[in-house]
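Below, each chain spelled out in residue letters.
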Amino acid sequence: MCGRIVEVEAYHQDRDRASHSYDGPTQRNRVMFGPPGNLYVYFIYGIHFCMNVVSEPESLSVAVLIRALEPVTGIDTMRRLRGERVPDRNLSNGPARCCQALAVNREQDGTCLQGPDLYLEQGSPCPPDQVVAATRIGITKSVELPWRFLIKDNPHVSRKTATAVKRRG
DNA sequence: AGGATGATGAAG
DNA sequence: TTCATCATCCTA
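Calculation notes
- Residues numbered from 1 in each chain as written.
- Chains lettered and ligands numbered in written order.
- Predicted model: local features only at pLDDT ≥ 70, side-chain atom pairs only at ≥ 80, totals over all residues.
- Heavy atoms only, no water.
- Pairing = 2+ DSSP bridges.
- Helix = DSSP H or I, 4+ residues; strand = E, 2+ residues; numbered from the N terminus.
- pLDDT = per-residue confidence, 0-100.
- Contact = heavy atoms within 4.5 Å.
- Near = heavy atom within 4 Å.
- Polar contact = N/O pair within 3.5 Å; in protein donor to acceptor, adjacent residues only side chain to side chain.
- Nonpolar A, V, L, I, M, F, W, Y, C, P; charged D, E, K, R; others polar.
- Buried < 20%, exposed > 50% of the residue type's maximum accessible area, 1.4 Å probe, protein only.
- Axes fitted to C-alpha atoms, helices over the stretch in contact; angles between N-to-C directions.
- Salt bridge = Lys/Arg side-chain N within 4 Å of Asp/Glu carboxyl O.

1. A word on the pairing of strand β2 (residues 39-44)
Right, on to step 1. As judged from the 6 bridges shared by β2 and strand β3 (residues 48-54), these two strands associate in the antiparallel manner. Residue Tyr42 lies in a different strand from β3, and its bridge partner there is Cys50.
Right, on to step 2. From the end of β2 to the start of β3, which pair antiparallel, there are 3 residues, and Tyr45 there has a positive phi angle of about 55°.

2. Observations regarding the confidence of the model for chain A
Right, on to step 1. Overall, the prediction assigns chain A a mean pLDDT of 91, with 95% of residues at 70 or greater.
Right, on to step 2. Here strand β5 (residues 131-134) is the element of chain A with the lowest mean pLDDT, 94, and helix α2 (residues 95-101) is the one with the highest, 97.
Right, on to step 3. When the criterion is pLDDT under 50, residues 163-169 qualifies, and its contacts beyond four places in sequence or with other chains add up to 0 contacts.

3. Concerning the protein's contact with DNA strand B
Right, on to step 1. Surveying the vicinity of DNA strand B reveals the residues Thr26, Gln27, Arg28, Phe43, Tyr45, Gly46, Ile47 and Arg106.
Right, on to step 2. The contact in question runs from a phosphate oxygen of DNA strand B to an N or O atom on the backbone of Arg28, over 3.3 Å.
Right, on to step 3. In this structure, a base oxygen belonging to DNA strand B sits 2.5 Å away from a main-chain N or O atom of Tyr45.
Right, on to step 4. Classifying every residue of the surface near DNA strand B gives 3 nonpolar, 3 polar and 2 charged.

4. Brief notes about unusual backbone geometry
Right, on to step 1. The residue Tyr45 is not glycine, and still its phi comes out positive at about 55°.
Right, on to step 2. Among the structural elements, Tyr45 can be located in the loop between β2 and β3.
Right, on to step 3. Classification of Tyr45 by relative accessible area gives exposed; the value is 67%.
Right, on to step 4. With a phi close to 60°, Asp153 is a non-glycine residue in the positive phi region.
Right, on to step 5. The topology assignment puts Asp153 in the segment after β6 (148-151).
Right, on to step 6. Residue class for Asp153 comes out exposed when judged on its relative accessible area of 65%.

5. Here's the deal with the protein's contact with DNA strand C
Right, on to step 1. The local shell around DNA strand C holds 22 residues, among which Tyr42, His48, Asn52, Arg97 and Gly138 are the closest.
Right, on to step 2. In DNA strand C, atoms within 4 Å of the protein come from the sugar-phosphate backbone in 61% of cases.
Right, on to step 3. Within the side chain of His48, a nitrogen or oxygen atom sits 2.7 Å from a base oxygen of DNA strand C.
Right, on to step 4. In the model, a phosphate oxygen of DNA strand C is placed 2.8 Å from a nitrogen or oxygen of the Arg82 side chain.
Right, on to step 5. Breaking the surface near DNA strand C down by element, the ones donating at least two residues are β2, β3, β4 (63-73) and α2.

6. So, the sheet that holds β2
Right, on to step 1. Pairing is antiparallel across the open sheet formed by 6 strands, whose spatial order is β2-β3-β4-β1-β6-β5. What marks the edges here is a single partner per strand, and that holds for β2 and β5. In this sheet, neighbouring strand axes are inclined to one another by 35° on average, regardless of whether the strands run parallel or antiparallel.
Right, on to step 2. Sheet topology note: the β3/β4 ladder contains 3 bridges and is antiparallel. In the strand pairing of β4, Asn52 is matched with Leu65.

7. Brief notes about the pattern of salt bridges
Right, on to step 1. Following the criterion strictly, the structure yields 6 salt bridges and no others.
Right, on to step 2. In this structure, Arg4 engages Glu70 in a salt bridge whose closest nitrogen and oxygen atoms are separated by 3.3 Å. Taken together, the residues Arg4 in strand β1 (residues 2-11) and Glu70 in strand β4 connect sequence positions 66 residues apart.
Right, on to step 3. Residue Glu70 is classed as partly exposed on the basis of its relative accessible area of 22%.
Right, on to step 4. Across the salt bridge formed by Asp88 and Arg79, the nearest N and O atoms sit 2.2 Å from each other.
Right, on to step 5. A single network of salt bridges, built from pairs that share partners, joins Glu7, Glu9, Arg67 and Arg148.

Here it is as structure tokens:
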């Protein structure tokens, strides 16, 4: 199966208190301190997995959380992994859903993203004016950093930005 | 449509 | 105790 990345968040060791790497290496986050191009998978809330792409040279400890994918191929496989009754738009609109849709779990922690089974490839370029920056989701520290990036009006992002107008009854 | 909640584990 | 979440169950 294959999905186009439509929403990500950046996590940085310096000044970013929301980053797993902020307090230095641990058993869990050690992949973040390794070479770029590897996948950092962590287990969260006792139930879910989330995946990040290590994106900067070794020990800088910068990673990009994959928050949403637009399903491209293998949609039937994704649905089998996510649940038969799950509609297309809910297959991979969320970090834990992305992992479930691509069958990513702790076995993939630290794997290279040019592997035979799991890999990242360059897609068609997205026009810069369609990329929206926003604040990150689900964090309580360093909330002000606008390091969530998503494609404008893409229906597969995990949630809309706060620009939606609320209609009053 | 939107808010509350429970599930459940790793790290400090 | 906190936490880079989600499905399900409410209320309206």
